[in-house]
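Structure at a glance
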Amino acid sequence: MGKTKKAKRFAQQKFAVMKKMISTSDSRIKESDRGPPKKKRREDPEEMKVHEAPQYSSALFFQYNTQLGPPYHILLDTNFINFSIKNKLDIIQSMMDCLYAKCIPYITDCVVGELEKLGRKYLVALKIINDPRFERITCLHKGTYADDCLVQRVTQHKCYIVATCDKDLKRKIRKIPGVPIMYISQHRYAIERMPDAYSA
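Small disclaimer: the values here were computed from a predicted structure and weren't measured. (Residues numbered from 1 in each chain as written. Predicted model: local features only at pLDDT ≥ 70, side-chain atom pairs only at ≥ 80, totals over all residues. Heavy atoms only, no water.)

Structural notes on the pairing of strand E6 (residues 160-163)
Stated precisely, the cut-off is as follows: Residue exposure (1.4 Å probe, protein chains only): buried if accessible area is under 20% of the type maximum, exposed if over 50%, otherwise partly exposed. Numbering goes from the N terminus for both helices and strands, where a helix is a DSSP run of H or I of at least four residues and a strand is a run of E of at least two. By the convention used here, strands pair only if DSSP detects at least 2 bridges between them. With its strands directed away from the observer, a crossover is right-handed exactly when the path from the first strand over the helix to the second travels clockwise.
The two faces of E6 match: Tyr160 and Val162 on one face and Ile161 and Ala163 on the other face are all buried. Of the strand pairs in this sheet, strand E3 (residues 72-76) and E6 are connected by four bridges, and their pairing is parallel. Bridged to His73 within E6 is Tyr160. The pairing of E6 with strand E7 (residues 181-185) spans two bridges and is classified as parallel. Looking across to E7, one finds that Val162 is bridged to Ile181. In this fold, the crossover linking E6 to E7 by way of helix H7 (residues 167-174) has right-handed handedness.

Here is the structure:
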């Protein structure tokens, strides 16, 4: 009998129940400690309503970016370089095969920093990006997290194509209109969100 009573009492108890907070303007609080009452401001029907919308670039026509054109400026991500080596792809030649035009690969200081952090295993990648055909972009921010750096750069300047195999970075870039993404599929480079007039 004792066990069943205990079980019933145990079932009735509520765990992790938060204490209910009363508002600062509640009548139960002393007048000296009471806060000012929250009054909702009535909307004036004659007042002009202002809607603030983000300003988009004039180069965007529907979902495509008309500013893009050869020679293409391509921002490279760390994993894109590593996957290119894994798939035995020459970066510049494969880019030109994909886009049928001259391509200029750009590498930020963050990407170089990430490759240096990865250690001796990725020395081949560091040697490849030291090629004079690869342009270097200096970063002014703190830290060496390349994803945020690439997203920030792409939102400011709509003239870049981002080359990455990272799913999270792709998801972030898809939210920015007019920025094509280059990735590796079936041992060759592919591109998405690019006008048919430009891409392969």
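With respect to the packing of aromatic side chains
For clarity, the cut-off: Any two of the Phe, Tyr and Trp rings considered here, Trp counted by its six-membered ring, make a pair once their centres fall within 6.5 Å; the pair's planes then place it as stacked at under 30 degrees, edge-to-face at over 60, or tilted in between.
With the rule as written, the count across this model stands at two aromatic pairs. Consider the rings of Tyr106 and Tyr160, whose centres lie 5.8 Å apart with planes at 75°: the pair is edge-to-face. Placement of Tyr106 in strand E4 (residues 103-108) and of Tyr160 in strand E6 is noted, with a sequence separation of 54 residues between them.

Some details on the pattern of salt bridges
Two side chains that carry opposite charge are able to pair once their charged atoms sit near each other. Formally: One speaks of a salt bridge when a side-chain nitrogen belonging to Lys or Arg is within 4 Å of a carboxyl oxygen belonging to Asp or Glu.
Under the counting rule described, the total for this entry stands at five salt bridges. Among the salt bridges present, the one from Arg136 reaches Asp109, with a minimum N-O distance of 3.0 Å. Of the two residues, Arg136 is situated in strand E5 (residues 135-137) and Asp109 in helix H4 (residues 109-117); the sequence distance between them amounts to 27 residues. Looking at Arg136, the relative accessible area reads 47%, which means it is partly exposed. With its nearest N and O atoms 2.9 Å apart, the salt bridge here joins Glu192 to Arg174. With Glu192 in strand E8 (residues 188-192) and Arg174 in helix H7, the pair connects residues that are 18 residues apart, well separated along the chain. Taking the relative accessible area as the measure of exposure, Glu192 reaches 19% and is therefore buried.

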